[in-house]
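Listed here are the chains, written in short residue letters.
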Amino acid sequence: MDKAIDNRRASIGRLLQIRRVVRKYQLVALLEQLNLSQKARWTIRLLLGRADQPLTDRGRNIRQALEELGPVFIKFGQALSTRPDLLPADIAMQLTKLQDDVPPIEGQQAIEIIRAAYNSEFDQIFESVDATPMASASVAQVHAATLRKGNALPGKNGVASREVIVKVLRPGIEAVIDSDLSVMYRLAGLLQKHWARGEQFKPLDIIREYDHTIHDELDLRTEAANCARMGANFADRDIIYVPLVYWDYTHWNVTVMERIYGTSIREFDRLRELGHDLAQLANDGVEVFFKQAFEDNFFHADMHPGNIFVSEQGKWIAVDFGIMGTLNEQDKQYLGEMLLGFFNRDYRSIADAHLRAQWVPSHTRVEEFETAIRTVCEPIFAKPISEISFGKVLLQLFQTVRRFEIPVQPQLVLLYKTLLNIEGLGRQLYPQLNLWDTAKPFLEKWMADQHSPQALLNDFKRDWPRWRALLPKLPQMLEQFAEQQGDSAKELEQLKQRIAASAERTQHHQTQRCVGLIVSGAGLTVLLLSHWQVLGSGSALAAGLIYSAPWALAGGLLWAALHNRR
């Protein structure tokens, strides 16, 4: 009971803090621009008051407000920055600038957390751990450390290094996250209920997705697993280096990885001074992206300049594997068709790929969809190829065709965002970077390989263990299927017999009714013909009725009897 009261008080306190920040950065004006219900408008005015002045730079103000609200809101803004399908371009661009740089926890406290994770083995594993953090973020911070002799693993070059980094989870961070998420859920629920476009954008679903993402980060083994998987994917390719994970020393709240040295990829002048081939680096980045997306089905979805370094040998080095994307085989196939369609200016194939992948509703008119794609893409080709931003074209295309009720495909949005980052880095390194020269041949070869006999053989080899396990059960499965078909055939035959019998009875009843009607009609005809000339005479008419009544009565009784039998 006391805990529930404390949580309620914390939520109220957080709401008051949010109110102060919203007013400070003039975001009341932004809320008033939304198409909210009248009740919601009155509630906002009651809680926040009216806007004091117009909002001049909404993107910057939203970014600054999130930074002031702290780590959980910062990470939420970063997550939203990967969703240009939901946000206007100016806001999405500002959210990419959010700095996840928060004051570190005290160094000695961090070392105590590390010691507690290893208990008595700490001194056997580490020779030293630097108390001053190398970097500090909202969920964890990083410390340099040195392993004792014999504990180091050989790196990719075969040389073992004792220098590592130790990543430690912030103490109490889960309670902070849960508290802020409860406020976010409350606000999202109100927005979804009272905003005219709430059902379209589903704020509650966005918060649920963020909830899942940030809680994944609370187990540092998830990031370590992502790092190890990406390292294995590039084990035989010398274009990017991924640090080693020390699994024996990795826990849910502490991980140990190989320490890497390199130059930040944003230090362009320094890279030139060191003699690195910037054109080759730019093309390697494009190759890294397409290999991850189309060969590995697993890509680093946070490849901004702060997470990329260049080694002494002029190779990419990737760090921070908290946000990764995946593609299934169907997504990958249709995405390849769509990208090649763009390269070849074949807009119909782009539209067809969307329809086959069910990325657009089945009732969409393909001609209208093709026209919308052409409207976006065709003006682009009037520019020199070196000036075309492929990533921006894809994002613009994505936003343009939203009117076709395209359901959100988070994995594709992440992929487009990653491509935009890679292309932007590549163009900064080498302004003449031509994505066509690298991407188009890669995609053409990949598509050809997908339909080759070797691909068919590889699929068979992959699925053979499952088929082999199934083969001994096949006779029994076939027998059960035959029995089911036999039962179905018997039921079908019985149904056909019932339908035939019903049809026969119906036909018989119809015939009998017709006979009854004919007899009745005959009686009436006799009545009319017998007394046609004297129809106007009452006595003649009475005589005729008496004469023909038995015929009419017999026909009527017969028809009534048959009708009752039905």
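Residues numbered from 1 in each chain as written. Predicted model: local features only at pLDDT ≥ 70, side-chain atom pairs only at ≥ 80, totals over all residues. Heavy atoms only, no water.

Engineer: Hey, could you run me through the pattern of salt bridges in this one?
Structural biologist: Where side chains of opposite charge bring their charged atoms close, a pairing between them can arise. Taken as a whole, this structure holds 24 salt bridges when the rule is applied. Residue Asp-180 is joined to Arg-14 by a salt bridge in which the shortest nitrogen-to-oxygen separation is 2.7 Å. Residue Asp-180 is located in helix α9 (residues 173-194), and its partner Arg-14 is located in helix α1 (residues 2-24); the two are separated by 166 residues in the primary sequence. When sorted by exposure, Asp-180 lands in the same class as Arg-14, which is buried. Between Lys-332 and Glu-329 there is a salt bridge, with its nearest N and O atoms 3.4 Å apart. (Salt bridge = Lys/Arg side-chain N within 4 Å of Asp/Glu carboxyl O. Helix = DSSP H or I, 4+ residues; strand = E, 2+ residues; numbered from the N terminus. Buried < 20%, exposed > 50% of the residue type's maximum accessible area, 1.4 Å probe, protein only.)

Engineer: What exactly am I supposed to notice about helix α12 (residues 220-233) here?
Structural biologist: An α-helical turn contains 3.6 residues, so a residue and the one three or four places further along point in the same direction. Taking 1.5 Å of rise per residue, 14 residues should cover 20 Å, and α12 covers 20 Å from first to last C-alpha, within 8% of that figure. All of the buried residues in α12 are Leu-220, Glu-223, Ala-224, Asn-226, Cys-227 and Met-230. Down the axis, α12 shows its buried residues gathered within 160° of arc, on one side only. (Expected span 1.5 Å × (residues − 1). Arc of directions from axis to C-beta.)

Engineer: Would you mind showing me how to read the pairing of strand β4 (residues 163-169) here?
Structural biologist: Burial within β4 is extensive, with six of its seven residues counted as buried. Pairing between strand β3 (residues 140-147) and β4: seven bridges, direction antiparallel. By the bridge assignment, Val-142 is partnered in β4 with Lys-167. Bridge count between β4 and strand β6 (residues 254-258): five bridges; the pairing is antiparallel. Counted as the bridge partner of Lys-167 is Thr-255 from β6. (Pairing = 2+ DSSP bridges.)

Engineer: Before we go on, may I ask you to explain a nonpolar patch on the surface in this structure?
Structural biologist: A surface patch of nonpolar side chains, amounting to about 770 Å² of accessible area, comprises Leu-457, Phe-460, Trp-464, Trp-467, Leu-471, Leu-474, Met-477 and Leu-478. Looking at the nonpolar patch, the elements with two or more residues in it are α21 (453-470) and α22 (474-530). Looking at the nonpolar patch element by element, the count peaks at four residues for α21. The topology assignment puts Leu-478 in helix α22. (Patch = residues over 30% accessible without salt bridge, like charges linked within 9 Å, V, L, I, M, F, W, Y side chains within 5 Å. Areas by Shrake-Rupley, 256 points an atom, 1.4 Å probe, with all protein chains shown as cover.)

Engineer: Quick question: what am I supposed to make of the side chain of Glu-223 here?
Structural biologist: Locating Glu-223 in the fold gives a position in helix α12. Here Glu-223 falls in the buried class, since its relative accessible area comes to 12%. Among the polar contacts listed, one links the side chain of Glu-223 to the side chain of Lys-167, at a separation of 2.8 Å. When sequence neighbours within four positions are dropped, the list of residues in contact with Glu-223 reads Lys-167, Asp-320, Phe-321 and Gly-322. (Polar contact = N/O pair within 3.5 Å; in protein donor to acceptor, adjacent residues only side chain to side chain. Contact = heavy atoms within 4.5 Å.)

Engineer: Can you walk me through the packing of α9 against helix α11 (residues 203-216) in this structure?
Structural biologist: Helix-helix packing is described using two parameters, namely the angle between the two axes and the distance between the axes. Two elements in contact, α9 and α11, have axes whose closest approach is 8 Å; the angle formed by their N-to-C orientations is 165°. As the angle between them shows, α9 and α11 are arranged roughly antiparallel. As for the relative orientation of α9 and α11, their crossing is right-handed in sense. In contact with Glu-174, Ile-177, Asp-178, Leu-181, Met-184, Tyr-185, Ala-188, Gly-189, Leu-191 and Gln-192 of α9, α11 contributes Pro-203, Leu-204, Ile-207, Arg-208, Tyr-210, Asp-211, Ile-214 and His-215. Residue composition of the contact of α9 with α11, grouped by class: 11 nonpolar, three polar and four charged. (Axes fitted to C-alpha atoms, helices over the stretch in contact; angles between N-to-C directions. Parallel < 35°, antiparallel > 145°, perpendicular 65-115°, else oblique. Left-handed = near helix turned anticlockwise from the far one by under 90°. Nonpolar A, V, L, I, M, F, W, Y, C, P; charged D, E, K, R; others polar.)

Engineer: What's the story with the packing of helix α15 (residues 329-343) against helix α16 (residues 347-356) in this structure? I'm lost.
Structural biologist: Running from N to C, α15 and α16 cross one another at 165°; their axes reach a closest spacing of 8 Å. Compared by their axis directions, α15 and α16 come out roughly antiparallel. Considering the relative orientation of α15 and α16, their crossing is left-handed. Across from Gln-330, Tyr-334, Glu-337, Met-338, Gly-341 and Phe-342 in α15, the residues of α16 making contact are Ser-349, Ile-350, Ala-353, His-354 and Arg-356. Across the contact of α15 with α16, the residue classes break down as five nonpolar, four polar and two charged.

Engineer: How do you make sense of the environment of Asp-219 when you look at a structure like this?
Structural biologist: Mapped onto the secondary structure, Asp-219 falls in the loop between α11 and α12. Distance in space between the C-alpha atoms of Asp-219 and Leu-169 is 8.4 Å, their sequence separation being 50 residues. At 2.9 Å, the side chain of Asp-219 and the side chain of Arg-221 are in polar contact.

Engineer: Is there a simple way to think about the confidence of the model for the protein chain in this case?
Structural biologist: Low-pLDDT portions of the prediction should not be read for the details of their coordinates. Taken as a whole, the protein chain shows an average pLDDT of 78; of its residues, 77% reach a score of 70 or greater. Note that residues 524-549 has pLDDT below 50 and, in this model, 12 contacts with residues that lie over four places away or in other chains. (pLDDT = per-residue confidence, 0-100.)

Engineer: Where do I start with the packing of aromatic side chains in this structure?
Structural biologist: The relation between two aromatic rings is expressed through the spacing of the ring centres and the mutual angle of the planes. Taken as a whole and assessed by the stated rule, the structure comprises nine aromatic pairs. Considering the side-chain rings of Phe-289 and Phe-290, the 5.0 Å spacing of their centres and the 85° angle between planes classify their relative orientation as edge-to-face. Residues Phe-289 and Phe-290 agree in their burial class; the two are buried. Where Phe-294 meets Trp-446, the ring centres are 5.1 Å apart and the plane angle is 65°; that geometry is what we call edge-to-face. Remark: Trp-446 occurs in helix α20 (residues 435-450) and Phe-294 occurs in helix α14 (residues 278-296); sequence separation between them is 152 residues. Of the residues examined, Trp-446 reaches a relative accessible area of 7% and is grouped as buried. (Phe/Tyr/Trp six-rings, centres within 6.5 Å; stacked < 30°, edge-to-face > 60°.)

Engineer: Honestly, the nonpolar core in this entry has me stumped. Any pointers?
Structural biologist: One broad rule of soluble globular proteins: the nonpolar side chains tend to lie buried together. Met-230, Phe-290, Phe-294, Trp-316, Leu-335, Leu-339 and Phe-342 are the most contacted members of the largest nonpolar core, which totals 77 residues. Sort the elements by how many residues they give to this core and α14 lands first, with nine residues. Not counting residues up to four positions away in its chain, the partners in contact with Trp-316 are Ile-239, Ile-240, Tyr-241, Ile-265, Leu-281, Asp-284, Gly-285, Met-303, Ile-308, Phe-309, Ile-422 and Leu-425. Membership of the second largest hydrophobic core comes to 43 residues, among which are Tyr-25, Leu-36, Phe-76 and Trp-195. (Core = buried A, V, L, I, M, F, W, Y, C linked by side-chain atoms within 4.5 Å.)

Engineer: Sorry, what's going on with unusual backbone geometry here?
Structural biologist: Note on backbone geometry: most residues besides glycine have negative phi, and most peptide bonds are trans. Within the chain, Asn-119 stands out as a residue other than glycine whose phi angle is a positive 55°. Position of Asn-119 among the secondary structure elements: in the loop between α7 (107-118) and α8 (122-125). Backbone geometry at Asp-320 places phi at a positive 65°, although glycine is not the residue there. Take Asp-320: it is sitting in the loop between β10 (316-318) and β11 (324-326). Residue class for Asp-320 comes out partly exposed when judged on its relative accessible area of 31%.

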